[in-house]
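# Working through the structure, step by step
Residues per chain, in single letters:
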Amino acid sequence: MIRLSYTQRADTCSNRLAKKIFHLLDEKKTNLALSADVTSAEKLLALSDQLGPEICVLKTHIDILHDYTPAVSIELQALAKKHQFILFEDRKFADIGHTVKQQYQGGMYQIANWAHLINAHTLPGPGIIAGLAEIGLPKERGLLLLAEMSSAENLFTPEYTAKTLEMAELFSDFVIGFISQGKISADPRWIYMTPGVQLSAEKDTLGQQYMTPHKAIQEHHTDIIIVGRGILQADNPLVAAKKYREAGWRAYAENLKN
Ligand code: S5P
C-alpha cells in the first residue's frame, strides 16, 4: 500500500485548518498532542510555553481551570503563535444544534474566539454539526467527531462509528477528522487524533485504556497521538514529551517507508 505523507494529504482536504495542520506536522516534525489537563491557569500557560516546541496540538479542558479569566485564552493564543501549535478545546459538545451554538460562542469561555479546533459527539444527529458549523465556519475553525473512545466498556459500536463517518462526509467543509482509536476510512483527507496513549501504563483505575505510540500509529494508523498523564505525571515533563514526540515521529517515518 502506498502511504501518503502528511503534506501530500494536505492537498486532499478543502478545510484550510486541516491543510494547515497537515503541513504543520511535517514542518515541525511532530505528531504529538499534549493533553494539558491541569487545573491552574499559571500551570497551563507555563506548560504550554515549555512544551510548545515539542507539540503540534495543545488540547485543553478549559473548564477544569479553577481560575479562568479571558486573559488565559489571550495568552494561549500568543503561545500558539509563538510555538506554532493548534489550540484544541476538548469540549465534547453533545446537545442539540441551537444549544451547542451558544455553548461554543458564548458563556464564560467563548471557545469559538480562541480554539482552532473543537470536538463533538454525533449522538444527537447531524443538527449538532450544523449548529457548530454556523459559528465555526466563518472563523475558519475545524471540528473533530468522536467516532470511538478509549475507555473500557464504552457504548461506541461499529455501526455508530460508520454513521459518524457518514455525518462527517455531509459536513466535510467543517469536519476535519475524528477522535478515534485509529484510522476508520480509506479517504486520506481525514485527520485522526488518538487519546489513551502511554508508554508504561496499560490502564488507569477509572476505565482508561492505553496503547503505545508505536501501536497507535503503526497498527491503528492514527495521525496524532494525544498524551496527558504520560507526560504530565513524569518526573520531567519536557524529557517525557521529547520521548513521546520521538516515538510518534519514528512510527510515522517507518510507516512511510513500508
Ligand atoms: O476516547 C477518549 C477521548 C478523549 S478526547 N479518551 C480520552 O481519554 N480522551 C481525553 O484524552 C480525556 O478527556 C483526557 O483529556 C485525555 C487523556 O488523558 P490521559 O491522561 O489518560 O493521557
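Quick summary incoming for the structure in this document. (Residues numbered from 1 in each chain as written. Predicted model: local features only at pLDDT ≥ 70, side-chain atom pairs only at ≥ 80, totals over all residues. Heavy atoms only, no water.)

This next bit is on the site of the ligand. If you check the shell around the ligand, you find 14 residues, and the closest are D37, K59, S150, Y210 and R229. S150 has a polar side-chain atom sitting 2.7 Å from a nitrogen atom of the ligand. Between the ligand and Q208 there is a distance of 2.8 Å, counted from an oxygen atom to a side-chain nitrogen or oxygen. Protein burial of the ligand: of its 490 Å² of free accessible surface, 90% is covered by the chains. Cavity membership is defined here by more than half of the atoms lying within 2 Å of grid points; on that basis the ligand lies in the largest pocket. (Near = heavy atom within 4 Å. Polar contact = N/O pair within 3.5 Å; in protein donor to acceptor, adjacent residues only side chain to side chain. Areas by Shrake-Rupley, 256 points an atom, 1.4 Å probe, with all protein chains shown as cover. 1 Å grid on protein atoms, 1.4 Å probe; cavity = no way out; pocket = protein on both sides within 12 Å on 5 of 7 lines; lining within 4 Å. Sits in = over half its atoms within 2 Å of the grid points.)

A few words now on the layout of surface pockets. Estimated volume of the largest pocket: approximately 420 Å³. Lining the largest pocket are 26 residues, and of these K59, S150, P195, G196 and Q208 sit closest to its centre. Listing elements by their share of the lining of the largest pocket, those giving two or more residues are β3 (86-93), β8 (224-227) and α9 (229-232). Its residues assigned to classes, the lining of the largest pocket shows ten nonpolar, nine polar and seven charged. R3, L4, R9, K183 and D223 are the residues nearest the centre of the second largest pocket, which is lined by 20 residues in total. (Points joined across faces, edges and corners; volume = space filled by probe spheres on them. Helix = DSSP H or I, 4+ residues; strand = E, 2+ residues; numbered from the N terminus. Nonpolar A, V, L, I, M, F, W, Y, C, P; charged D, E, K, R; others polar.)

Time to look at the pattern of salt bridges. For the structure on display, the rule yields eleven salt bridges. Look at the salt bridges and you will find they share partners, linking E54, K242 and R245 into a network. (Salt bridge = Lys/Arg side-chain N within 4 Å of Asp/Glu carboxyl O.)

In the contact formed by helix α3 (residues 41-51) and helix α4 (residues 70-83), the axes pass within 10 Å of each other and the chain directions differ by 10°. Considered as vectors, α3 and α4 are oriented roughly parallel to each other. On α4, the residues touching A41, L44, L45, S48 and D49 of α3 are V72, E75, L76, L79, K82 and H83. (Axes fitted to C-alpha atoms, helices over the stretch in contact; angles between N-to-C directions. Parallel < 35°, antiparallel > 145°, perpendicular 65-115°, else oblique. Contact = heavy atoms within 4.5 Å.)

Shape is all these values report; function is a separate question.
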